[in-house]
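Summary of the model geometry
Take a look at the letters that make up each chain.
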Amino acid sequence: MTLSIQDTAFARLEAEGRLFNSVLKAPTHKAGRFGFRGDLALKFQAKLADEARPPEIACEQVIAAANAGEPQIGFLCGFLLSFESLKLVAEVLGEALSPQGKYFLFCDNIDLSKRYQVEYGGATFYVLPIDEATVYNEMLELLYLEKTELKRLDTAGKTDAVTERALAFKDSFPKISYEEGLALMGPVRNPYENRPV
């Protein structure tokens, strides 16, 4: 029996049309594990007729994994343009968040020298800065994974390697509340400025 997204905590997100731009949305090589790599829509734009518009706010470059038959997503990481969107991540994931889960959010507008732990919606989020790199590269660095060792693996294999290491992640960072994080965050960059049109 092939593992289907319907057997996992991703089922509702898929039904709501929140999983898009996926490079992986399939079972991984570990039995019972389903992996997702892509973007997670947090806030949709108003829809006009049948026009498909990109979400107003998304958690991008997501790498996530969930096990069949479990109501929660065990591991997820992604990029946020603003720390403020952490609240949306928690609301959108809702009951799919686990108190034991490992959730890493790389935020574009927090101090590059800081890392935090924020408890929200019954889960703990590791909030990290991102320095012009990709979430995947930042995760490899955070989890001490060698890029060269993962090179020969396919996307599902790489997702397994990151997931395994992330689930075992034990470091702790200074704890702050969501409100404290809002007060500390910097201005939100416009990702579209300085880009050729």
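Given the structure is predicted, the values throughout are model-derived calculations rather than measurements. (Residues numbered from 1 in each chain as written. Predicted model: local features only at pLDDT ≥ 70, side-chain atom pairs only at ≥ 80, totals over all residues. Heavy atoms only, no water.)

Brief notes about the nonpolar core
Rule in force here: By nonpolar core is meant a set of buried Ala, Val, Leu, Ile, Met, Phe, Trp, Tyr and Cys residues that side-chain atoms within 4.5 Å join together. Here's how the labels work: a residue is buried when its accessible area is under 20% of the maximum for its type, exposed when over 50%, partly exposed in between, all with a 1.4 Å probe on protein chains only. In this description a helix means any DSSP run of H or I spanning at least four residues, a strand means any run of E spanning at least two, and both kinds are numbered starting from the N terminus. Any pair of residues with heavy atoms lying within 4.5 Å of one another is described as a contacting pair.
Of all hydrophobic cores here, the largest spans 36 residues; its most connected members are Phe10, Leu40, Ile73, Phe125 and Val127. Only β2 (33-43), β3 (57-67), β4 (73-80), α2 (86-93), β5 (102-107), β6 (116-120) and β7 (123-129) provide two or more residues apiece to this core. Of all the elements, α2 adds the most residues to this core, at 5 residues. Leave out the neighbours within four places in its chain, and isoleucine 73 touches Ala9, Phe10, Leu13, Ala64, Ala65, Ala66, Leu93, Ala96 and Tyr103.

Comments concerning the side chain of glutamate 138
Here is the rule: For the charge count, each Lys or Arg is scored as positive and each Asp or Glu as negative, with His and the chain ends excluded. Basic side-chain nitrogens of Lys or Arg form a salt bridge, by our definition, when they fall within 4 Å of a carboxyl oxygen of Asp or Glu. Whenever two N or O atoms come within 3.5 Å, that pair is a polar contact, provided that in protein one can donate a hydrogen and the other can accept it, and provided that, for residues adjacent in sequence, both atoms are side-chain atoms.
By the secondary structure assignment, glutamate 138 is in helix α3 (residues 135-142). Arginine 115 provides the closest opposite charge to the buried, unpaired glutamate 138, separated from it by 6.3 Å. For glutamate 138, the side chain forms a polar contact with the main-chain nitrogen of aspartate 131, separated by 3.1 Å. Not counting chain neighbours up to four residues away, the residues in contact with glutamate 138 comprise Phe106, Pro129, Ile130, Asp131 and Ala133.

Focus: the pairing of β4
Put simply, the rule is: Each pair of strands is called paired provided DSSP finds at least two bridges between the two strands.
Buried residues dominate β4, accounting for 7 of its 8 residues. Bridge analysis of β3 against β4 gives 5 bridges, and the strand direction is antiparallel. Residue pairing for β4: isoleucine 63 is matched across the bridge by cysteine 77. A loop of 5 residues connects β3 with β4, the two strands running antiparallel in sequence, and glycine 69 in this loop sits at a positive phi of about 80°. Looking at chain direction, β4 and β5 are connected through 6 bridges and run parallel.

Regarding the sheet that holds β4
Applicable threshold: Fitted lines through C-alpha atoms serve as axes, helices being fitted only where they are in contact, and the angles separating the N-to-C directions of these axes extend from 0 to 180 degrees.
Strand order in the open sheet made by the 8 strands is β1-β2-β3-β4-β5-β7-β6-β8, with mixed pairing throughout. With partners counted over all chains shown, the strands left at the sheet margins are β1 (19-27) and β8 (175-176), one partner each. Where β2 and β3 come together, 9 bridges link them in antiparallel fashion. Opposite glycine 38, over in β3, you have valine 62 as the bridge partner. This element, α2, spans β2, β3, β4, β5, β6 and β7 of the sheet and lies at about 120° to β2.

As for α3
Counting buried positions over the 8 residues of α3 gives 6, a clear majority of the element. Looking at α3, one finds that the buried residues are Val135, Tyr136, Glu138, Met139, Leu140 and Leu142.

Let's talk about the packing of aromatic side chains
Rule in force here: Aromatic contacts are taken between Phe, Tyr and Trp rings whose centres are within 6.5 Å, Trp giving its six-membered ring; a plane angle under 30 degrees counts as stacked, one over 60 as edge-to-face, and the others as tilted.
Overall, the coordinates contain 11 aromatic pairs when judged by the stated rule. With centroids separated by 6.1 Å and ring planes inclined at 65°, the aromatic side chains of phenylalanine 75 and phenylalanine 104 adopt a geometry described as edge-to-face. Of the two residues, phenylalanine 75 is situated in strand β4 and phenylalanine 104 in strand β5; the sequence distance between them amounts to 29 residues. Taken as a pair, phenylalanine 75 and phenylalanine 104 share a single burial class, namely buried. Taking 5.0 Å as the distance between ring centres and 20° as the angle between the ring planes, the aromatic pair formed by phenylalanine 104 and tyrosine 126 counts as stacked. Here phenylalanine 104, found in strand β5, pairs with tyrosine 126, found in strand β7; they are 22 residues apart in sequence, far enough to count as distant.

Points about the environment of glutamate 164
Mapped onto the secondary structure, glutamate 164 falls in helix α5 (residues 155-167). Taking the C-alpha atoms as reference points, glutamate 164 and alanine 49, 115 residues apart in sequence, are found 43 Å from one another. Those residues in contact with glutamate 164 that sit more than four places away from it in its chain are Lys30 and Arg33.

Observations regarding the pattern of salt bridges
Counting across every chain of the model gives 10 salt bridges. Across the pair glutamate 95 and arginine 12 runs a salt bridge, and its minimum N-O distance is 3.0 Å. Here arginine 12 lies in helix α1 (residues 11-15) and glutamate 95 lies in the loop between α2 and β5, a separation of 83 residues in the sequence. Classification of glutamate 95 by relative accessible area gives exposed; the value is 54%. Arginine 12 gets classed as partly exposed once you look at its relative accessible area, which sits at 26%. Lysine 87 serves as the salt-bridge partner of glutamate 91, at 3.2 Å between the closest nitrogen and oxygen. Taken together, the residues span about one helical turn, with glutamate 91 and lysine 87 both in helix α2 at a distance of 4 residues.

Limitation: the analysis is restricted to geometry and does not speak to function.
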